[in-house]
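Descriptive structure summary
Below are the chains, spelled out letter by letter.
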Amino acid sequence: MTKNADKIIVALDVPTKKEALALVNQLREQISFLKIGLQLYTAEGPKIVRAVLSTGAKVWLDLKLHDIPNTVARAVESASNLGVHMLTIHLSGGSEMIRAATAARTNNITILGVTVLTSANEQTLREIGVADRVADQVLRLAKLGVEAEIDGIVASPHEIKRLRAEFGDKIKIVVQGIRPSWAEPGDQKRFMTPRQALEAGADYIGIGRPITTHPRPREAVTRILDELNG
Ligand code: C5P
């Protein structure tokens, strides 16, 4: 069984390699999975990915790819060659794009699909011509992804139960929007605690600011693990 510490992915949402590696050094004893997203990757490129991988940690490259199928496939190849463990694509790119991505996987990379961003609401969907409710659009895109053989879904904690009921253990579920009971919600409105999310059936929980902006990030991780293990 995976131990709780290995189910936590810390989001390195910082602007520079220096700040990212300082965090990795502080957390590396406790945490073995880090997320590199658009901010850090755009600033520092593949060298920050290689630097984090060289510590022996796993990397989730959260680039949320959405482009023509051939371009996405070539980017999946590049990410696979880089040695990252997870990569995100937008499922709204459609089944041909998703299939191009899953067919291009090598090196055991896990392709995660993003359904509807948690920042989007019904009004956002109407703006882009989607008449469905958010929950229905999430399920529609998740089905499209599973049919095209993605490995997992990035979800809001409140979507875990429905996705698990629909797909069982066929997919990994990775959630964000997690706030430990002692943390400030910040801009998160619909969050769950790490424990609630794992109990609801998440495989991994992505956590950013409660750890990365904590004055003592190691202590934040220790408190989260105590809560999970307690
Ligand atoms: O809010 P926090 O700093 O914990 O977010 C960690 C990561 O999760 C960020 O990279 C953010 O983009 C992502 N996130 C998300 N959906 C949310 C909240 C955060 O995808 N509702």
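About the thresholds
- Residues numbered from 1 in each chain as written.
- Predicted model: local features only at pLDDT ≥ 70, side-chain atom pairs only at ≥ 80, totals over all residues.
- Heavy atoms only, no water.
- Helix = DSSP H or I, 4+ residues; strand = E, 2+ residues; numbered from the N terminus.
- Buried < 20%, exposed > 50% of the residue type's maximum accessible area, 1.4 Å probe, protein only.
- Contact = heavy atoms within 4.5 Å.
- Lys, Arg positive; Asp, Glu negative; His and termini not counted.
- Charge placed at Lys NZ, Arg CZ, Asp CG, Glu CD.
- 1 Å grid on protein atoms, 1.4 Å probe; cavity = no way out; pocket = protein on both sides within 12 Å on 5 of 7 lines; lining within 4 Å.
- Points joined across faces, edges and corners; volume = space filled by probe spheres on them.
- Nonpolar A, V, L, I, M, F, W, Y, C, P; charged D, E, K, R; others polar.
- Axes fitted to C-alpha atoms, helices over the stretch in contact; angles between N-to-C directions.
- Parallel < 35°, antiparallel > 145°, perpendicular 65-115°, else oblique.
- Left-handed = near helix turned anticlockwise from the far one by under 90°.
- Pairing = 2+ DSSP bridges.
- Phe/Tyr/Trp six-rings, centres within 6.5 Å; stacked < 30°, edge-to-face > 60°.

Moving on: the overall build of the protein chain. On a plain count of helices and strands, the protein chain comes out with 11 helices and eight strands. For the protein chain, the spread of C-alpha atoms along the principal axes amounts to about 45 × 35 × 35 Å. Buried positions account for 52% of the 230 residues belonging to the protein chain. Put simply, 66% of the contacts in the protein chain that link residues at least 6 apart link residues at least 24 apart. Charge-centre separation for the protein chain: the mean point of 30 positive side chains lies 3 Å from the mean point of 26 negative side chains.

The next point concerns the layout of surface pockets. Space inside the second largest pocket adds up to approximately 200 Å³. Across the lining of the second largest pocket, the residue classes break down as seven nonpolar, five polar and no charged.

Turning next to the packing of helix α1 (residues 17-27) against helix α11 (residues 217-229). Following both chains from N to C, one finds α1 and α11 inclined at 50 degrees, their axes separated by 9 Å at the closest point. One element, α1, and the other, α11, form an angle in the oblique class. With respect to the hand of their crossing, α1 and α11 are arranged in right-handed fashion. Contacts between α1 and α11 involve L23, Q26 and L27 from the first element and P217, R218 and V221 from the second. By residue class, the composition of the contact of α1 with α11 is four nonpolar, one polar and one charged.

What follows concerns the sheet that holds strand β5 (residues 110-114). The strand order around the closed barrel built from eight strands is β1-β2-β3-β4-β5-β6-β7-β8, with neighbouring strands paired in parallel fashion. Strand-to-strand twist in this sheet, taken as the mean axis angle between neighbours without regard to direction, amounts to 25 degrees. Sheet topology places strand β3 (residues 58-65) next to strand β4 (residues 86-90); three bridges connect them, and they run parallel. Counted as the bridge partner of L61 is L87 from β4. Contacts from helix α5 (residues 95-103) reach β3, β4 and β5 within the one sheet, and its direction differs from that of β4 by about 165 degrees.

The residue K7 is located in the segment before β1 (8-11) in this model. In contact with K7, other than residues within four places in its own chain, are T2, L198, D203, Y204 and I205.

A few words now on the side chain of D62. On the secondary structure map, D62 appears in strand β3. For D62, a relative accessible area of 3% puts it in the buried group. Among all residues touching D62, those that are not within four sequence positions of it are K35, I36, G37, L38 and T88.

Time to look at the packing of aromatic side chains. Under the defined criterion, the tally for this structure stands at one aromatic pair. Plain terms: the ring middles of F33 and Y204 are 5.5 Å apart, the flat faces sit at 75 degrees to each other, and that makes the pair edge-to-face. Of this pair, F33 sits in strand β2 (residues 33-37) while Y204 is found in strand β8 (residues 204-207), placing the two residues 171 residues apart along the sequence. Given a relative accessible area of 3%, F33 falls into the buried group.

Between α1 and helix α3 (residues 46-53), whose axes approach to 11 Å, the crossing angle comes to 15 degrees. Considering their axes alone, α1 and α3 lie roughly parallel with respect to each other. α1 and α3 meet at a crossing whose hand is right-handed. Facing α1, whose interface residues are K17, A20, L21 and V24, α3 presents K47, I48, A51 and V52. Taken together, the residues of the contact of α1 with α3 break down into six nonpolar, no polar and two charged.

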